[in-house]
Structures are given as C-alpha cells and as structure tokens.
Amino acid sequence: MSAARPGTAGATRTCPHCKATILESSSVCPQCRGHLRFDAEAGAGNALKSTPLQVEGTIPAPADGACEYTMVLAIRDGRGREINRQIVGVGAMQPGEERTFSLVVEATEVPLHRRRKH
C-alpha cells in the first residue's frame, strides 16, 4: 500500500474481489475488472484520462526447442531510482507457440484538492 493518506492522489486500497493493490479512486479494478462502486463522475467523463504509454509485442518460440520466459515490470522515478519491481508472469513455449505481451499505462488527472503534498 502507498504512504499517501486516504483521499489524496496515489492513495491505495485492496480490491475486495482479487486482493490486488489498486488506486483508492478506482471505480473498476484494473486487474479483475470487478466493479467497486458507482461513480457518476467517471461515467460523465469529467476527469481527463489518457494512455501515455502502450506497448505490445509478440514473440515466437524457437523452431528447434522450447524456451522459458519471465515478464518483469520495473517502475522508476524521474531520477532513475527503482520504486517498484515485480515479476508479472513466467512460463514456457513449445515450438510453434507464441505469446503476446501488452503493457498499458493509464493516467487520470487528479483534482487540485487531492494532490499529495511533498
């Protein structure tokens, strides 16, 4: 969980469905897509939402044998310091198989009264 106080930007909570750590402001869990509450403001589109990063790639298994993979996600701050690192998934592929990996970063504008004070 984050150190941000409840009601401020960056505050987190646990999804009651899948137990993932999510933003307190979320109306829908980004992991399990379970609805958490009705949010009239989200439905009205008042908050400015964007997707500043979206990457997708497909990798095939080598033709002459199996291969294993590990998907690692690392988040760094503006100074290059790692603030989070997680293994997202691991697995193996047999000849003729392939896997597609997607990364999407969604951003939502936070009202001034909810911004974290430094």
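Computed from a prediction, not measured in an experiment: that's the story for all the values here.

Applying the stated criterion across every chain yields a total of 1 aromatic pair. The interplanar angle of 80 degrees and the centroid separation of 5.4 Å between the aromatic rings of Y69 and F101 together place this pair among those described as edge-to-face. Taken as a pair, Y69 in strand β4 (residues 67-76) and F101 in strand β6 (residues 98-108) lie far apart in primary sequence, 32 residues in all. Exposure remark for F101: the relative accessible area of 21% places this residue in the partly exposed category.

Summarising the sheet, β4 and strand β5 (residues 82-93) pair through 10 bridges and their orientation is antiparallel. By the bridge assignment for β5, C67 is matched with M93. Hairpin connection, β4 to β5: the antiparallel pair is bridged by 5 residues, and G80 has positive phi, about 85 degrees.

What follows concerns the side chain of S26. Structurally, S26 is set in the loop between β2 (21-23) and α1 (40-44). Once you skip the residues sitting within four places of it in the chain, S26 turns out to touch R13, L36 and R37.

With that settled, consider the confidence of the model for the protein. Taken as a whole, the protein shows an average pLDDT of 84; of its residues, 81% reach a score of 70 or greater. Looking across the protein, the model is least confident in α1, with a mean pLDDT of 51, and most confident in β4, with 95.

Turning next to the pattern of salt bridges. Tallying each qualifying case throughout the model produces 4 salt bridges. Residue R81 pairs with D77 through a salt bridge whose shortest N-O separation is 3.0 Å. Among the ionic contacts, a cluster of salt bridges with common partners joins R76, E82 and R85.

Here is what the cut-offs are and how they apply
- Residues numbered from 1 in each chain as written.
- Predicted model: local features only at pLDDT ≥ 70, side-chain atom pairs only at ≥ 80, totals over all residues.
- Heavy atoms only, no water.
- Phe/Tyr/Trp six-rings, centres within 6.5 Å; stacked < 30°, edge-to-face > 60°.
- Helix = DSSP H or I, 4+ residues; strand = E, 2+ residues; numbered from the N terminus.
- Buried < 20%, exposed > 50% of the residue type's maximum accessible area, 1.4 Å probe, protein only.
- Pairing = 2+ DSSP bridges.
- Contact = heavy atoms within 4.5 Å.
- pLDDT = per-residue confidence, 0-100.
- Salt bridge = Lys/Arg side-chain N within 4 Å of Asp/Glu carboxyl O.

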